[in-house]
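# Analysis of the macromolecular model
Take a look at the letters that make up each chain.
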2 protein chains.
Amino acid sequence: MDTEVTRVEKGFETLAALLREQILRGDIPAGDILPNERDLVSQFGLSRGSVREALRVLEAQGLVSTRLGRNGGRVALQPGTEMVRDSLEMFIRGQRVAFPVLMETVEALEPSLAALAAEHRDDDDLASLHACGARLSRISNAKAFLAANARWHRTMAHASHNAILIAIYDSLGPRLLDPRVAGFASADVRAAVVHAIGRVEEAIIAGEPETARRRMQRHVQAYRRLVESVAPKTVRL
Amino acid sequence: MDTEVTRVEKGFETLAALLREQILRGDIPAGDILPNERDLVSQFGLSRGSVREALRVLEAQGLVSTRLGRNGGRVALQPGTEMVRDSLEMFIRGQRVAFPVLMETVEALEPSLAALAAEHRDDDDLASLHACGARLSRISNAKAFLAANARWHRTMAHASHNAILIAIYDSLGPRLLDPRVAGFASADVRAAVVHAIGRVEEAIIAGEPETARRRMQRHVQAYRRLVESVAPKTVRL
DNA sequence: TTGAGGAAATGGTCAAACCAATTGACAAGC
DNA sequence: GCTTGTCAATTGGTTTGACCATTTCCTCAA
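Attention in this report is confined to the structure presented alongside it. (Residues numbered from 1 in each chain as written. Chains lettered and ligands numbered in written order. Predicted model: local features only at pLDDT ≥ 70, side-chain atom pairs only at ≥ 80, totals over all residues. Heavy atoms only, no water.)

This brings us to the overall build of chain A. A tally of helices and strands in chain A yields 10 helices and two strands. N-terminal to C-terminal, the α/β element order of chain A is α-α-α-β-β-α-α-α-α-α-α-α. The C-alpha atoms of chain A give 23 Å as radius of gyration, which overshoots the globular expectation for 237 residues (18 Å, by more than 25%). Its C-alpha atoms put chain A at 70 × 45 × 35 Å along the principal axes. Taking all 237 residues of chain A together, the buried fraction comes to 46%. A separation of at least 24 residues holds for 71% of the contacts in chain A among residues at least 6 apart in sequence. Carbon and sulfur atoms make up 51% of the accessible area of chain A, which totals about 11,700 Å². (Helix = DSSP H or I, 4+ residues; strand = E, 2+ residues; numbered from the N terminus. Rg over C-alpha atoms; globule rule 2.2 N^0.38 Å. Buried < 20%, exposed > 50% of the residue type's maximum accessible area, 1.4 Å probe, protein only. Contact = heavy atoms within 4.5 Å. Areas by Shrake-Rupley, 256 points an atom, 1.4 Å probe, with all protein chains shown as cover.)

As structure tokens, then:
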């Protein structure tokens, strides 16, 4: 019984793997144009169809983009946050991840993000954060408030200067703007949020990670209690 | 100047989008066989080459797998953790994310994972966790200790019952087993780790999220100080 | 009953065209 | 000189038809 046969690598897979490696290693720098299809055909001895399938895989993986016409071709890309976002998006949809789980995930990230922001923020971060916070306190419209709130959080996440957490947070954060949870921002709730966020901001400005973490965590827990008191747990995306 | 032209959707893109939607919505349940290439050709009026490119895209996105031979074909898949892992893998490689950032990310997740584990763990989780902890305390080999340690953490992450965090943690955790950081597990370090982990485990068993969070966070910070005292910050993956 | 061999179904590959989009070059007209 | 229009060149997109490779099913003979 052949329990383990060596999987035969297809021609297009070989080429895709080869080009992928060259792009990820930087041998083909981002922005460079790959050889055109017909050249790849003669270089690798594959048919044009196989070459195109290889390139199509790379495109689906976010490693190249395609331009039509003369001076077109495939442009090498460094994989960015879009890939992470797309894969999480499909994971959430495919696995039927419930909305509360998504919320729980973001809540799990935010205290650490606040701590890292306090540790790593630079002057630009502080300026952006202050601008977001100031804007937030002037907004009265509930829907606009939620958007501005999300923006403040996003800015804080970026201040962490942790590329992985930023990619994850940017992937998940926007999903929390679901219209079904947009009704919570009554005037007093908004005031409480502004206050809590201001306290976190102070800790980030002061460069006190543990204070920022603690304040953000309390804010998050308070927010959760609020949402749970209003929304049924069964809401699904 | 045409600043915004309506991007023309290619034939294979249309088909890929259509099939992707059917799979994600569950109209084509996981495990089902898609129509074969020649049938898709006649159903959608595309050439076989275009159909194959569409299917190749879905394969790259983890939505179908391909089997050769009679009774072969494309099997629909629900996107799982592999996709998330692959995209994070490419992100880390392509963006040249430094090892300390990776470590920082995992450290950011673990306290919340511990808290969620304490909140959501079931009897199976407790049994697995206890087994991992017990095994850990009996290991003397440094390399094996690190592997068992990773396994305990992974088990704890699964006890959180948060599918997104599990997917992320499973994607990043294994990368911390880099051989370059495998030399830290001296006997007294191992004893300290076993003790810290035991305390977290107690809190998870007791169902006390905030205690578990606090203890895990202290452990993580202690571990970080240890690593920083030994490893240069410039180590890169 | 079992084994061998061939038929059938399915994806993998190749080849040669031609279509579609974009850009460059160049000439005509202002 | 500058603009504008036309045509040619380049590159990806698509089609068609054929054949190969792998796997499974089916039949028939030992």
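Still to come is the rest of the account.
In this assembly, 52 residues from chain B lie in contact with 52 residues from chain A. Around 4,400 Å² of area is buried between chain B and chain A when both sides are counted, 64% of it from carbon and sulfur atoms. Broken down residue by residue, the surface that chain B buries against chain A is led by Met90, Phe91 and Ile164 of chain B, which jointly contribute 16%. Applying the counting rule to chain B against chain A returns six salt bridges. Note that arginine 93 of chain B and glutamate 21 of chain A form a salt bridge whose closest N and O atoms lie 2.8 Å from each other. Counting every contact that joins chain B to chain A gives 25 residue pairs in polar contact (both at pLDDT 80 or more). Looking at the side of chain B that touches chain A, the elements that each hand over two or more residues are helix H1 (11–25), helix H3 (48–60), helix H4 (81–94), helix H5 (99–120), helix H8 (163–172) and helix H10 (209–230) of chain B. No other element matches H4 of chain B, which puts 10 residues into the side of chain B that touches chain A. Its residues placed into classes, the side of chain B that touches chain A shows 25 nonpolar, 14 polar and 13 charged. (Buried area = accessible area lost by both parts, 1.4 Å probe. Salt bridge = Lys/Arg side-chain N within 4 Å of Asp/Glu carboxyl O. Polar contact = N/O pair within 3.5 Å; in protein donor to acceptor, adjacent residues only side chain to side chain. Nonpolar A, V, L, I, M, F, W, Y, C, P; charged D, E, K, R; others polar.)

Under the criterion given, the structure shown has zero aromatic pairs over all chains. Of note, arginine 190 of chain A hangs over the ring of phenylalanine 145 of chain A, and the distance from its end group to the ring centre comes to 5.9 Å. (Phe/Tyr/Trp six-rings, centres within 6.5 Å; stacked < 30°, edge-to-face > 60°. Lys NZ or Arg CZ within 6 Å of the ring centre and 35° of its normal.)

Residue and element names in this part refer to chain B. Bridge analysis of strand S1 (residues 64–67) against strand S2 (residues 73–76) gives four bridges, and the strand direction is antiparallel. Of the residues in S2, the one forming a bridge with valine 64 is alanine 76. Counting the residues between successive antiparallel strands, the hairpin from S1 to S2 contains five residues, one of them, glycine 69, with a positive phi of roughly 80°. (Pairing = 2+ DSSP bridges.)

All names here are of chain B. Within the secondary structure, serine 229 is located in helix H10. On the basis of relative accessibility, which here comes to 57%, the residue serine 229 falls in the exposed class. It is 27 Å that separates the C-alpha atoms of serine 229 and glutamate 201, two residues lying 28 residues apart in sequence.

Right, let's talk about the protein's contact with DNA strand D for a bit. Neighbouring DNA strand D are 26 residues, the closest being Arg38 and Arg48 of chain A together with Gly11, Ser47 and Gly69 of chain B. Near the protein, meaning within 4 Å, the atoms of DNA strand D are sugar or phosphate in a fraction of 66%, with bases accounting for the rest. Here a phosphate oxygen of DNA strand D sits 3.1 Å away from a polar atom, N or O, in the side chain of arginine 74 of chain A. A distance of 3.3 Å separates a base nitrogen of DNA strand D from a polar side-chain atom of arginine 48 of chain B. At the level of elements, helix H2 (37–44), helix H3 (48–60), strand S1 (64–67) and strand S2 (73–76) of chain A together with H1 and H3 of chain B are the ones that each hand at least two residues to the surface near DNA strand D. Looking at which element gives the most residues to the surface near DNA strand D, the answer is H3 of chain A, with three residues. Counted by class, the surface near DNA strand D contains four nonpolar, 10 polar and 12 charged residues. (Near = heavy atom within 4 Å.)

The pair of chain copies shares a relation made of a rotation about an axis and a shift along it. Expressed as a screw operation, the relation of chain B to chain A combines 0.0 Å of axial shift with a rotation of 180°, fitting to an RMSD of 0.0 Å. Taken together, the rotation and translation describe the operation of a two-fold axis. The overlap is high: 100% of the interface residues of chain B also sit at the interface in chain A, so the same surface is used on both sides. (Least-squares fit on C-alpha atoms with pLDDT ≥ 70 in both.)

Before going further, it helps to spend a moment on unusual backbone geometry. Residues and elements named next belong to chain A. A positive phi angle, near 60°, is found at asparagine 71, a position not held by glycine. As for its placement among the helices and strands, asparagine 71 is situated in the loop between S1 and S2. Positive phi values are uncommon outside glycine, yet arginine 96 reaches one of about 55°. Position of arginine 96 among the secondary structure elements: in the loop between helix H4 (81–94) and helix H5 (99–120).

Let us look at the protein's contact with DNA strand C. Around DNA strand C there are 26 residues in total, and Gly11, Ser47 and Arg70 of chain A together with Arg38 and Arg48 of chain B lie nearest to it. Among all atoms of DNA strand C positioned within 4 Å of the protein, those belonging to sugar or phosphate total 68%. At a separation of 3.2 Å, a phosphate oxygen of DNA strand C approaches a polar side-chain atom of asparagine 71 of chain A. Within the residue set of the surface near DNA strand C, elements represented by two or more residues are helix H1 (11–25) and H3 of chain A together with helix H2 (37–44), H3, S1 and S2 of chain B. Counting residues per element, the surface near DNA strand C draws most heavily on H3 of chain B, which supplies three residues. For the surface near DNA strand C, a count of residues per class yields four nonpolar, 10 polar and 12 charged.

Right, let's get into H8 of chain B. Counted residue by residue, H8 of chain B has nine buried out of 10 residues, so it is predominantly covered. Within the sequence span of H8 of chain B, burial applies to Ile164, Leu165, Ile166, Ala167, Ile168, Tyr169, Asp170, Ser171 and Leu172 of chain B. The secondary structure elements touched by the buried residues of H8 of chain B are H4, H5 and helix H8 (163–172) of chain A together with H4, H5 and helix H7 (142–159) of chain B.

In this section: the packing of helix H7 (residues 142–159) of chain A against helix H9 (residues 187–206) of chain A. Residues and elements named next belong to chain A. In contact at an axis separation of 12 Å, H7 and H9 are set at 15° when each is read in the N-to-C sense. Between H7 and H9, the angle is such that the two are roughly parallel. The two elements H7 and H9 cross, and the hand of that crossing is left-handed. Residues Ala142, Phe145, Asn149, Trp152, His153 and Met156 of H7 touch H9, and the partners they reach there are Arg190, Val193, Val194, Ile197, Val200, Glu201 and Ile204. Split by residue class, the contact of H7 with H9 holds nine nonpolar, two polar and two charged. (Axes fitted to C-alpha atoms, helices over the stretch in contact; angles between N-to-C directions. Parallel < 35°, antiparallel > 145°, perpendicular 65-115°, else oblique. Left-handed = near helix turned anticlockwise from the far one by under 90°.)

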